[in-house]
Amino acid sequence: MEILVCARRVPDTSENEITLNSAGTDIERDELVYSINEPDNYAVEEALQIVARVGGSVTVVTVGGEDDEEILRREMAMGATHGILLSDTAFEGSDARGIATILKGIVRKSHYDLILTGVQAEAGGAQVGGMLAAMLDYPFASLVNSIEVLEVKKLKVSREIEGGNREINEIDLPCVLSIQTGINEPRYVGMRGIRAVASVAIPNYGAGDLGVDTSRVGAKAAKVKRVDYFVPTLGKGAEMLDGSREENIEKVIELMAAKGGLK
Amino acid sequence: MPRIFAYIGHKDSVIDDSAAELIVAATKIDPSAAPVALVCGCGAELDGACNSLRDSFAEVWKINHDALAYPNAELIRKALLAVVPAGSVVLITHDHFGIDLAPGFSIKLNGAFISDVLDLEPKASGLRVARQEFGGQVSAHMEIDISSGAVISIRPGAFKAPANPPVNGVVVDKGASVGSLAAGRRYLQTVVAESGDVDITKHAILVSIGRGIQDKDNVGIAQELADTLGAAVSCSRPVVDAKWLEKSRQVGSSGKTVRPKVYLACGISGAFQHLAGLKGNPFIIAINKNPKAPIFQVADVGIVDDLLEFIPELTNRVREMHTVSAK
């Protein structure tokens, strides 16, 4: 099975506190630690496991610039067969629809049986996979938390729905699936693995290579634009205990007794 | 202003709780809007849903089709495209079905798409919406060009709906516009979640752990505290993803809904999907080393500390008190 995984390099929220810059126009990007978007990493692992069972190849693709190559190499160190960077000044400022339009170009350029994305990235849009599927007229399933290859042209997939229940579907190939975290246990990538792929050439395709109409991508085509960032105030905010640890512990015990019936 | 529609989900003739919230969102886009409910389904179940929607919507478009007995997003997309005029704005709840339907629907409708919206207001250029990024650590305002229509998914619970008197709306049968329907994806069955070893819905106090617990080996310190308190250990999504606890311990929209009296949130950032599983207004005590964690906005009491040190000390202190009271 030929599998394409669409991935993205994002600020790693487990490594960074996300704060606003002084102007409130963007998040503070100095000294941010970036990594592959976590659900995308699960998608790559799932692709590797499918290929280990039924054969084929795994290609990881991202839309971005030179800096984004590092996640392609990381996923190749994990076992992905190919990495492809889609990069063009015309792509800059694309909204989700623009990104899906660019990705459609790489799907049309080659042949893939299965296209995976992470369910969402740092902005929580959960949208590119569904858009790409609609553009390609491929079937789509979101929030996928298990995949079974049934026969050559069919999968059985489970979707995460409310209350921890699972919705089981049969889906025809080629299709697009958005992968939920927890579907598998992504393998560890060591420095040795990263070094082994450090000098592998990564092809870089622009709008011309992909047959992408530049009037349909980039900032000018975007129907959705970010105006600013702000820090939300939900609720009244907690009463912060600022005593010593011992004092805070006494207070917590007192509160658990008063509010929760702790004896 | 374009015509505004609200896609309404339903099950066993009971309409989604969020139906009224979509009306509030529609009137924020256009105060004079009378949004039209779009309801897909089949037979008496659908009739029941449409009938209850007449209380809140002046117009209910009913799409009755044998193929729509189960809400398959691809089939529903095709059915909606047959009846929704180009240039419309369609509101959908941002849940597992909305995530399945809305992005692809926006492409086929040739409209803009914005998901998981918390607030919105009209602007000369279209709409300005507020939404969260980075799991709620920061929010962003976005501007949407809706000149060729739009699909907007709305976060459940973000638009509080007032109790309005019934409007006694009309049901319009639109099923005839929909031809035969087929999809590349077919629903087989729903597998109900396993109940697990511990029922976290039955405890007055929950010691709940998130990514901040850092390692599987540290889950034991939360368990010790829970044992000492007569409580149970629950968790947020990253702990289940990492296979440190069973899925049955997860609180949230894709996990369990719990109603404890006290919720001790330890190293939990406070993403809305997690908070959606906390009902009954529990007293929330949050411990997190990140003073900017969103959980502190919704908690009653907050402590900025290293939970790997705080929890064992709390456990010891509770034990000491037990020992003293036993004497």
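Since the model is a prediction, treat every value here as computed from it, not as a measurement. (Residues numbered from 1 in each chain as written. Chains lettered and ligands numbered in written order. Predicted model: local features only at pLDDT ≥ 70, side-chain atom pairs only at ≥ 80, totals over all residues.)

**Q** Would you explain the overall build of chain A in this entry?
**A** A tally of regular secondary structure across chain A gives eight helices and 13 strands. Dimensions of chain A, computed from the C-alpha atoms along their principal axes, are close to 65 × 45 × 40 Å. Burial analysis of chain A (263 residues in total) assigns 49% to the buried set. Across chain A, contacts joining residues at least 24 apart in sequence account for 69% of those joining residues at least 6 apart. (Helix = DSSP H or I, 4+ residues; strand = E, 2+ residues; numbered from the N terminus. Buried ≥ 20, exposed ≤ 12 C-beta atoms within 10 Å, placed from the backbone. Contact = placed C-beta atoms within 7 Å.)

**Q** Help me out: how do you make sense of the overall build of chain B in this one?
**A** On a plain count of helices and strands, chain B comes out with nine helices and 18 strands. In terms of overall dimensions, chain B has C-alpha extents of about 75 × 45 × 40 Å along its principal axes. Expressed as a percentage of its 327 residues, the buried residues of chain B come to 54%. Within chain B, residue pairs in contact and separated by at least 24 positions form 65% of the contacts whose partners lie at least 6 positions apart.

**Q** Please explain the interface of chain A and chain B as it appears in this structure.
**A** Taken together, the 72 residues of chain A in the interface contact 73 residues of chain B. When contributions to the side of chain A that touches chain B are tallied by element, the ones reaching two or more residues are α3 (96-109), α4 (128-136), β7 (140-151), β8 (154-160), β9 (166-172), β12 (224-230), β13 (239-240) and α8 (245-260) of chain A. The element contributing the most residues to the side of chain A that touches chain B is α8(A), with nine residues. The class makeup of the residues in the side of chain A that touches chain B is 34 nonpolar, 20 polar and 18 charged. (Nonpolar A, V, L, I, M, F, W, Y, C, P; charged D, E, K, R; others polar.)

**Q** Help me out: how do you make sense of the packing of α4(A) against helix α4 (residues 96-109) of chain B in this one?
**A** For any two helices packed against each other, the geometry is given by the interaxial angle and the distance between the axes. α4(B) packs onto α4(A) with a crossing angle of 40° between their chain directions and a minimal axis gap of 7 Å. Here α4(B) runs oblique to α4(A), going by the angle between their axes. For the pair α4(A) and α4(B), the sense of crossing is right-handed. Seen from α4(A), the contacting residues are A:Gly130, A:Met131, A:Ala133, A:Ala134 and A:Met135; seen from α4(B), they are B:Pro103, B:Gly104, B:Ile107 and B:Lys108. Of the residues that constitute the contact of α4(A) with α4(B), the class distribution is six nonpolar, two polar and one charged. (Axes fitted to C-alpha atoms, helices over the stretch in contact; angles between N-to-C directions. Parallel < 35°, antiparallel > 145°, perpendicular 65-115°, else oblique. Left-handed = near helix turned anticlockwise from the far one by under 90°.)

**Q** For this particular structure, what's the right way to read helix α3 (residues 73-83) of chain B?
**A** One turn of the α-helix equals 3.6 residues, which is why residues spaced by three or four share an orientation. All names here are of chain B. The element α3 is largely enclosed, with a buried count of nine among its eleven residues. Residues Ala 73, Glu 74, Leu 75, Ile 76, Arg 77, Lys 78, Ala 79, Leu 80 and Val 83 constitute the buried set of α3. Those residues of α3 that are buried are in contact with β4 (36-41), β5 (59-64), α4 and β13 (185-191).

Everything listed here is a matter of geometry and, on its own, says nothing about what the molecule does.
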